[in-house]
Amino acid sequence: MDYLKQVHQREYQILEYIDKFCEDNNIKYFLIVGSLLGAARHDGFIPWNDDIDLGMLREDYEIFLQLWKDTRKYILLEGQLQKDYTLAFAKISDLNSKVVLDYHNDDFHLGLSIDVFPFDYVDDDYGVALKEINKFLFWYTVSLSKRIKDIIKDRARFESKIQKLVGYLINKFLGANRVKRILRKTMVHDETNTVANLATGYEFKKEVYPLDFTQNLIRHKFEQGSFPIFSQYKKALEIQYGPKWMEIPDPSTIRGGNHDILELSILMAMKLYLKQRESNRCKENLELVYYLQP
């Protein structure tokens, strides 16, 4: 049984649920980053990708948070709702699976999930917008720097560790709730003609778009169904991945999955476990072992 096929199947089920929920509540959302590229280039998942990313304008994002009701299958994880959740975007997490990540603790249940990113207004002048993102990034580092033991075992460069240590001290002095309020203020601005995914894992300029990108949507094939994407998706993909975004990368440069998954279990007729054995603290040297257990 192929690991990624099982992940894709469960994540697609979550996507279908979110799509119906948003349609029922008149909430606009759209596929972004690798999910947008997958829709445009593969009509579905990028074959070696292991996640789905969605975007919403801030006003839709807030309505989504207000109206969402957890079910026996899916729960919403978001910093305004869970005290110990510190990411600046939401996750819809599957309760019938469990993921153990290199950077995750047990303060909340994390299963296979879909990330939902708020797109916030930024200044139309890119130079001013860059100052805004730098302010956000400072407070985001503070909000994430919760546990000293995580900072000590972090594999980041020395300079990054120092930044996180400073963030930890500020977090302890101000308190986590106050830090979250400050972080939110760095994200929410008056309406402009430009929006950005501030919490992106990409370089900031790669997810800065004209506002009308997020307002003019079409549905595009993704696996068995169709889901919202920018009508100007080609321009968006050029901004993010360059003019050759349709080209398939050299297979020798591709690594399966994006996340540091140490262990995965999916509840189904059988249980699928994924274990990763780490060697030399280096992602490239992880060895994957798959097995089924009744």
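See the structure printed just above.
Residues numbered from 1 in each chain as written. Predicted model: local features only at pLDDT ≥ 70, side-chain atom pairs only at ≥ 80, totals over all residues. Heavy atoms only, no water.

Residue position: Phe 108 is located in the loop between β5 (97-101) and β6 (113-122). Among the residues examined, Phe 108 registers a relative accessible area of 18% and is labelled buried. Here the alpha-carbon distance between Phe 108 and Gln 82, two residues 26 residues apart in the chain, equals 8.0 Å. Those residues in contact with Phe 108 that lie beyond four places of it in its chain are Leu 77, Asp 84 and Tyr 85. (Helix = DSSP H or I, 4+ residues; strand = E, 2+ residues; numbered from the N terminus. Buried < 20%, exposed > 50% of the residue type's maximum accessible area, 1.4 Å probe, protein only. Contact = heavy atoms within 4.5 Å.)

A few words on the nonpolar core. Leu 15, Leu 54, Phe 64, Ile 92, Phe 136 and Phe 222 are the most contacted members of the largest nonpolar core, which totals 77 residues. When residues of this core are assigned to their parent elements, the largest contribution, 9 residues, is made by helix α1 (residues 3-24). Beyond its immediate sequence surroundings of up to four residues, Ile 92 is in contact with Ile 14, Ile 18, Phe 64, Trp 68, Tyr 74, Ile 75, Leu 76, Leu 112, Ser 113, Ile 114 and Val 116. (Core = buried A, V, L, I, M, F, W, Y, C linked by side-chain atoms within 4.5 Å.)

With that out of the way, let us pick up the packing of helix α4 (residues 126-144) against helix α6 (residues 158-174). It is at 7 Å that the axes of α4 and α6 come closest, and there the two elements cross at 75°. The pairing of α4 with α6 is recorded here as roughly perpendicular in orientation. Between α4, through Phe 138, Trp 139, Thr 141, Val 142 and Ser 143, and α6, the contact on the second element is made entirely by Gln 163, Lys 164, Gly 167, Ile 170, Asn 171 and Leu 174. Classifying every residue of the contact of α4 with α6 by side-chain character gives 5 nonpolar, 5 polar and 1 charged. (Axes fitted to C-alpha atoms, helices over the stretch in contact; angles between N-to-C directions. Parallel < 35°, antiparallel > 145°, perpendicular 65-115°, else oblique. Nonpolar A, V, L, I, M, F, W, Y, C, P; charged D, E, K, R; others polar.)

Together, Ile 148, Phe 158, Ile 162, Leu 165, Val 166 and Leu 169 make up a nonpolar patch on the protein surface, roughly 530 Å² of accessible area in all. Considering each element in turn, the nonpolar patch owes the most residues, 5 residues, to α6. With respect to the helices, strands and loops of the structure, Ile 148 is situated in helix α5 (residues 148-153). Accessibility expressed as a relative area gives 35% for Ile 148, which makes it partly exposed. (Patch = residues over 30% accessible without salt bridge, like charges linked within 9 Å, V, L, I, M, F, W, Y side chains within 5 Å. Areas by Shrake-Rupley, 256 points an atom, 1.4 Å probe, with all protein chains shown as cover. Salt bridge = Lys/Arg side-chain N within 4 Å of Asp/Glu carboxyl O.)

Where burial is concerned, most of helix α2 (residues 33-42) is hidden: 9 out of the 10 residues are buried. All buried positions along α2 are accounted for by Val 33, Gly 34, Ser 35, Leu 36, Leu 37, Gly 38, Ala 39, Ala 40 and Arg 41. At its buried positions, α2 is contacted by β1 (30-31), β2 (53-57), β9 (217-222), β10 (225-230) and α9 (233-241). At the exit of α2 stands Asp 43, carrying a positive phi of roughly 55°.

Time to look at the packing of aromatic side chains. Within a pair of aromatic rings, the relevant descriptors are the distance that separates the centres and the angle that separates the planes. Taken as a whole, this structure holds 19 aromatic pairs when the rule is applied. Summarising the aromatic geometry, the rings of Phe 138 and Trp 139 are spaced 5.2 Å apart at their centres and angled 85° between planes, so their arrangement reads as edge-to-face. Residue classification places Trp 139 among the buried residues on the basis of a relative accessible area of 15%. A ring pair is formed by Tyr 209 and Phe 213, whose centres lie 5.7 Å apart and whose planes are at 25°; its orientation type is stacked. As far as the burial class goes, Tyr 209 and Phe 213 line up, both buried. (Phe/Tyr/Trp six-rings, centres within 6.5 Å; stacked < 30°, edge-to-face > 60°.)

Another aspect to go through is the pairing of β6. Counting buried residues in β6 gives 10 out of 10 residues, a clear majority hidden from the surface. Sheet topology note: the β2/β6 ladder contains 5 bridges and is parallel. Bridge pairing in β6 links Asp 53 to Asp 115. For strand β4 (residues 90-94) and β6, the ladder comprises 4 bridges, and the chain directions are antiparallel. Opposite Ser 93, over in β6, you have Ser 113 as the bridge partner. The pairing of β6 with strand β7 (residues 194-196) spans 3 bridges and is antiparallel. Residue pairing across strands places Val 122 opposite Thr 194, the latter belonging to β7. (Pairing = 2+ DSSP bridges.)

A positive phi angle, close to 55°, is found at Asp 43, a residue other than glycine. The exposure class assigned to Asp 43 is partly exposed, which follows from its relative accessible area of 34%. Backbone geometry at Glu 223 places phi at a positive 55°, although glycine is not the residue there. Tracing the backbone through its elements, the reader meets Glu 223 in the loop between β9 and β10.

We now examine the pairing of β9. Relative to β10, β9 is paired through 6 bridges, and the arrangement is antiparallel. Among the inter-strand pairings, Leu 217 is bridged to a residue of β10, identified as Phe 230. Between β9 and β10, which follow one another and run antiparallel, lie 2 residues, and Glu 223 among them has a positive phi close to 55°.

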